[in-house]
Amino acid sequence: MIRLEHIHRVFPVGEEEVHALRDVNLHITPGEYVSIMGPSGSGKSTLLNIIGLLDRPSAGVYRLDGEDVTALSDEQQAQVRREKIGFVFQFFHLVPRLSAAENVELPLVLAGVPLSQRAPLVGRLLEDFGMRARARHRPDQLSGGERQRVAIARAMVMQPAVILADEPTGNIDQATGREVFHLLEELNGKGMALLLVTHDPDLGRRARRHVRMVDGQIQSDTGAGA
Amino acid sequence: MRLLDVGRFAWRSLSGYRTRTLLMVLAVSIGVGAVVVLTSLGEGARRYVRNQFTSLGTNLVAVFPGRAETVGGAHGALIGRTPRDLTLEDALALRRIPAVKRVAPLNLGSAEVWWKGRSREVPVLGSTSELQEIRGFALSQGQFLPAEDPRRATPVCVIGSNVRKELFGARSSVGEWVRIADRRFRVVGVLAQQGQSLGLDTDELVIIPVASMQQLFNLPSLLRILVEARTREDVAAAQEQVRRVLRKRHDGEDDVTVVTQDAVLAAFDRILVALTLAVGGIASISLGVAGILIMNVMLIAVSQRTTEIGLLKAIGASPAQIRLLFFAEAAVLSLIGAAVGLVLGELGSFAIRQAYPVLPAFPPPWAVVAALATAVGTGIIFSLLPAQRAARLQPALALSRR
Ligand SMILES: Nc1ncnc2c1ncn2[C@@H]1O[C@H](COP(=O)(O)OP(=O)(O)O)[C@@H](O)[C@H]1O
Ligand SMILES: [Mg+2]
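Keep in mind that what you see is a predicted model, and the values were worked out from it rather than measured. (Residues numbered from 1 in each chain as written. Chains lettered and ligands numbered in written order. Predicted model: local features only at pLDDT ≥ 70, side-chain atom pairs only at ≥ 80, totals over all residues. Heavy atoms only, no water.)

What follows is about the overall build of chain A. The helix and strand inventory of chain A stands at seven helices and ten strands. Taken over C-alpha atoms, the radius of gyration comes to 17 Å for chain A, in line with the 17 Å a tight globule of 226 residues would show. Taking the principal axes of its C-alpha atoms as reference, chain A extends roughly 50 × 40 × 35 Å. When contacts within chain A are restricted to residue pairs at least 6 apart in sequence, long-range pairs at least 24 apart make up 69% of them. (Helix = DSSP H or I, 4+ residues; strand = E, 2+ residues; numbered from the N terminus. Rg over C-alpha atoms; globule rule 2.2 N^0.38 Å. Contact = heavy atoms within 4.5 Å.)

Structure (structure tokens):
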């Protein structure tokens, strides 16, 4: 499903160049559960951003479902993101003005789904996530764990093929972090591929496949599918 | 994305940053309000002048001594040539023109009016009985000047309502003899109260036969001659014939100015429309300022909401959608501002009408439409740059907290 070939990402920083990714090759099949670990600055976030089409590689080819997505225009990439990819971030990134329900609804709104179809979908999702009582609360009225649950609901409301989670527990306590992991794993159980970056070795070990990154390169990969 | 959702999202952004929104609405509404109030003032002046003219009757042609180069300037005689005077005989000659219905020679002076030890300095108008129909004078008592040979200096007068009040108080005036300068006149009528009529306050006026006027002031020439054409269609013919008759009487010299009332009215109209446009234009500068303010605030909003924009992109918003959202925000903002400004402007015009009832200060419809269009237009134009900047943001960069 996801196929990265010889991906490089170079950031110009002043006169220098920072090689965030060097010749990364990665193949991920549908429904896989992959953890990405590695020291800070090793390129994990950059890798996830490229997979999620939030960033473009400096060199290399990225195929998603057989299509070379690096060649797509911004508008076309937006559509791919909307339909195939769900994001979960360390800092939640909820829109502060909108309620929990409205935040979850947002991808549907952008996709042009009519209100009559959105409402029941969002309601059911919040129910599943145990957030029904909090549907009308704004993000600043929610705890960190609750915010992340809203963010996960938002990531999956469009039924994407893959969920990308960049340190989803980095900003919440351990117990709550575990719940968040269970939620993500449930989604994986429903067939969505799950790629997650974490610093917690215990949590990272729960994945079926472990990728370890060092200095912009994949140092080890337990299930190199390609 | 659905239009309703775009509007809703824009509305949520606007209500989420209340102070900012209020300030921008204020800026836009002041601009729109200023345009509406100022153009309604100009339009009020235009209507006022028009009313003044039409209250005089519509088929009028005025004859002035001297050749004017421009319409409206009555005494613009050619340099180096003293124009021949207009005489009573000229006026009488005009009566024989077929397209002419009535003729009123006019002379104006100032004199003291006496009655039983009371006196008052008043403008004195010399004319004939036909002046009453031409200018639509109504009488509260008695009659107007008698219809007789205009060459006869009958000692009668018609007085304005204030003149009557001050000289006679509660006593009856018709039939009394008053002294004007050194001659005695019998009061035959009192004008109904009607106030200003193009420069002359008829309430303060005394009207006597034109021949009496010439004797009283030893004044053989006329100030002007008012001519009324038979119908509106006859006005042009009357103007032409008046000119021809007077040229013939003046030894072939074109030394009078013959102006139709329509021409004067049209000239005033042009001037006042230009004035209205000018003040409207000046007021719309404030709309431009509001537009620049909107641009600044939107630019700040884009940088404040960088992560939000990154997030929207991450969950599938295309550059076009981001642009649309910022556009919508500016459009909703300027629409609200325009609506508020319209209400302010209408209130302002209403206040002007209350304070100056003679001034029909209604904003012209074109000015209202133009102000609203300019407000929404500037809002959208000045949000082009911020919206474009937002649409171009790199999502990965926008989301990382660098
Ligand atoms: N936008 C950027 N500009 C410059 N350098 C960047 C940028 N993004 C990432 N980097 C650099 O790339 C390297 C990898 O970063 P990142 O992928 O965030 O690492 P990780 O997520 O593994 O901590 C780091 O050295 C970082 O400083
Ligand atoms: Mg990172």
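For chain B, the helix and strand inventory stands at 13 helices and twelve strands. Taken against the 2.2 N^0.38 rule, which gives 21 Å for 402 residues, the C-alpha radius of gyration of chain B at 33 Å runs more than 25% over that of a compact globule. With the C-alpha coordinates of chain B rotated into their principal frame, the extents come out at 100 × 55 × 35 Å. Within the span of chain B, comprising 402 residues, buried residues form 50% of the whole. If you take every contact in chain B between residues at least 6 apart in sequence, the share linking residues at least 24 apart comes to 78%. One finds the centroid of the 45 positive side-chain charges in chain B at a distance of 11 Å from the centroid of its 31 negative side-chain charges. (Buried < 20%, exposed > 50% of the residue type's maximum accessible area, 1.4 Å probe, protein only. Lys, Arg positive; Asp, Glu negative; His and termini not counted. Charge placed at Lys NZ, Arg CZ, Asp CG, Glu CD.)

Residue and element names in this part refer to chain A. Here four strands make up an open sheet; going across it, the order is E2-E1-E4-E5 and the pairing antiparallel. Of all the strands in the sheet, just strand E2 (16-28) and strand E5 (67-68) have a single pairing partner and so form its edges. With two bridges joining them, strand E4 (residues 59-64) and E5 adopt antiparallel strand pairing. Each residue of the ladder has a partner; that of Leu64, found in E5, is Glu67. (Pairing = 2+ DSSP bridges.)

Next up on the list: the nonpolar core. Formed by 73 residues in total, the largest nonpolar core has its most connected members in Ile2, Leu4, Leu47, Ile51, Tyr62 and Leu195 of chain A together with Leu312 of chain B. In contact with Leu312 of chain B, other than residues within four places in its own chain, are Leu106 and Leu110 of chain A together with Phe9, Ala317, Ile322 and Leu325 of chain B. Judged by nonpolar contacts, the second largest core, of 36 residues, contains Met131, Ile152, Ile172 and Val180 of chain A. (Core = buried A, V, L, I, M, F, W, Y, C linked by side-chain atoms within 4.5 Å.)

Moving on, we come to the side chain of Ser221 of chain B. All names here are of chain B. Mapped onto the elements of the fold, Ser221 is located in the loop between helix H6 (210-217) and strand E11 (224-229). Judged by its relative accessible area of 18%, Ser221 falls in the buried class. Setting aside chain neighbours within four positions, we find Ser221 in contact with Asp85, Leu86, Asn107 and Gln214.

On to the packing of aromatic side chains. With the rule as written, the count across this model stands at three aromatic pairs over all chains. With a centroid separation of 4.4 Å and an interplanar angle of 45°, the aromatic rings of Trp115 of chain B and Phe168 of chain B are classed as tilted. On the criterion of sequence distance, the pair formed by Trp115 of chain B in strand E2 (residues 100-115) and Phe168 of chain B in helix H5 (residues 161-168) is long-range, its members being 53 residues apart. In this structure, Trp115 of chain B and Phe168 of chain B share a single accessibility class: buried. One Lys or Arg, Arg97 of chain A, reaches over the ring of Phe9 of chain B and ends 5.6 Å from the middle of that ring. Note that Arg353 of chain B overlies the ring of Phe362 of chain B, its terminal NZ or CZ placed 4.0 Å from the centroid. (Phe/Tyr/Trp six-rings, centres within 6.5 Å; stacked < 30°, edge-to-face > 60°. Lys NZ or Arg CZ within 6 Å of the ring centre and 35° of its normal.)

Taken residue by residue, the interface counts 28 residues in chain B and 26 residues in chain A. Where chain B abuts chain A, roughly 2500 Å² becomes buried across the two surfaces, and 59% of that area is made up of carbon and sulfur atoms. Between the two partners, chain B and chain A, sit three salt bridges. Between Arg97 of chain A and Glu308 of chain B there is a salt bridge; the shortest N-O distance is 2.9 Å. Taken together, chain B and chain A are joined by 13 residue pairs in polar contact (both at pLDDT 80 or more). Broken down by class, the residue content of the side of chain B that touches chain A amounts to 13 nonpolar, six polar and nine charged. (Buried area = accessible area lost by both parts, 1.4 Å probe. Salt bridge = Lys/Arg side-chain N within 4 Å of Asp/Glu carboxyl O. Polar contact = N/O pair within 3.5 Å; in protein donor to acceptor, adjacent residues only side chain to side chain. Nonpolar A, V, L, I, M, F, W, Y, C, P; charged D, E, K, R; others polar.)

This paragraph deals with unusual backbone geometry. A negative phi angle is the norm for most residues apart from glycine, just as the trans form is the norm for most peptide bonds. All names here are of chain A. With a phi close to 50°, His6 is a non-glycine residue in the positive phi region. Here His6 shows up in strand E1 (residues 2-13). For His6, a relative accessible area of 48% translates into the label partly exposed. Positive phi, close to 45°, is recorded for Glu167, a residue that is not glycine.

Take the pattern of salt bridges next. Residue and element names in this part refer to chain B. What the rule picks out here adds up to 32 salt bridges over all chains. The salt bridge involving Glu43 is made with Arg47; its shortest N-O contact spans 3.5 Å. Here Arg47 and Glu43 lie together in helix H2 (residues 18-54), a separation of four residues that amounts to about one turn. When the shortest N-O distance is used, the salt bridge between Arg120 and Glu166 registers 2.5 Å. Residue Arg120 is found in strand E3 (residues 118-127), and its partner Glu166 is found in helix H5; the two are separated by 46 residues along the sequence.

Sheet faces and side chains relate simply in a regular strand, where the side chains alternate between the two faces. All names here are of chain B. Inspection of the sheet shows E2 paired to E3 by nine bridges, in the antiparallel sense. Following the sheet pairing, Trp114 is matched in E3 by Ser119. The antiparallel pairing of E2 with E3 creates a hairpin that spans two residues between the two strands, and Lys116 there sits at a positive phi of about 45°. Alignment of E3 against strand E10 (residues 206-209), held across four bridges, turns out to be parallel. Bridged to Gly126 within E10 is Ile208.

Residues and elements named next belong to chain A. In this fold, Asn103 is placed in helix H3 (residues 100-110). Asn103 sits in the buried class, given a relative accessible area of 0%. Not counting the four nearest positions on each side in its chain, Asn103 is found in contact with Leu94, Val95, Leu98, Pro139, Val150 and Arg154.

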